[in-house]
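The lines below spell out each chain.
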Amino acid sequence: MGNVHLTDAAGNKTTVDKTWAWTRAEDGSLQIVLHHSSLPYSAN
């Protein structure tokens, strides 16, 4: 989990909280078992 910093074509910047959880399948491949994205909490 952590933050991802994104910039659009106009130069506007946004920070997004991201969480991923992975597991290894029986065939050895990695699989995403959880993905969550949200804007950070702001009291304003």
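Quick notes on the rules
- Residues numbered from 1 in each chain as written.
- Predicted model: local features only at pLDDT ≥ 70, side-chain atom pairs only at ≥ 80, totals over all residues.
- Heavy atoms only, no water.
- Helix = DSSP H or I, 4+ residues; strand = E, 2+ residues; numbered from the N terminus.
- Buried < 20%, exposed > 50% of the residue type's maximum accessible area, 1.4 Å probe, protein only.
- Contact = heavy atoms within 4.5 Å.
- Pairing = 2+ DSSP bridges.
- Axes fitted to C-alpha atoms, helices over the stretch in contact; angles between N-to-C directions.

### Considering the environment of A21
For step 1, the next point in the chain: Among the structural elements, A21 can be located in strand β2 (residues 13–24).
For step 2, the next point in the chain: With a relative accessible area of 25%, A21 lands in the partly exposed category.
For step 3, the next point in the chain: Each C-alpha atom of the pair A21 and V4 lies 16 Å from the other, and the pair is 17 residues apart in sequence.
For step 4, the next point in the chain: In this structure A21 touches Q31, I32, V33 and L34, once residues within four positions along its chain are discounted.

### Structural notes on the sheet that holds strand β1 (residues 2–7)
For step 1, the next point in the chain: In space, the three strands of this open sheet follow the order β1-β2-β3, with antiparallel pairing throughout. Each edge of the sheet is formed by a strand with only one pairing partner; in this case those strands are β1 and β3 (30–38). Geometrically, the sheet is characterised by an average inter-axis angle of 35° between neighbouring strands, direction not taken into account.

### A short note on the pairing of β3
It is a general feature of regular strands that their side chains alternate between the two faces of the sheet.
For step 1, the next point in the chain: Inspection of the sheet shows β2 paired to β3 by eight bridges, in the antiparallel sense. What sits directly across from R24, in β3, is L30.
For step 2, the next point in the chain: Between the end of β2 and the start of β3, which pair antiparallel, lie five residues, with G28 showing a positive phi angle near 95°.

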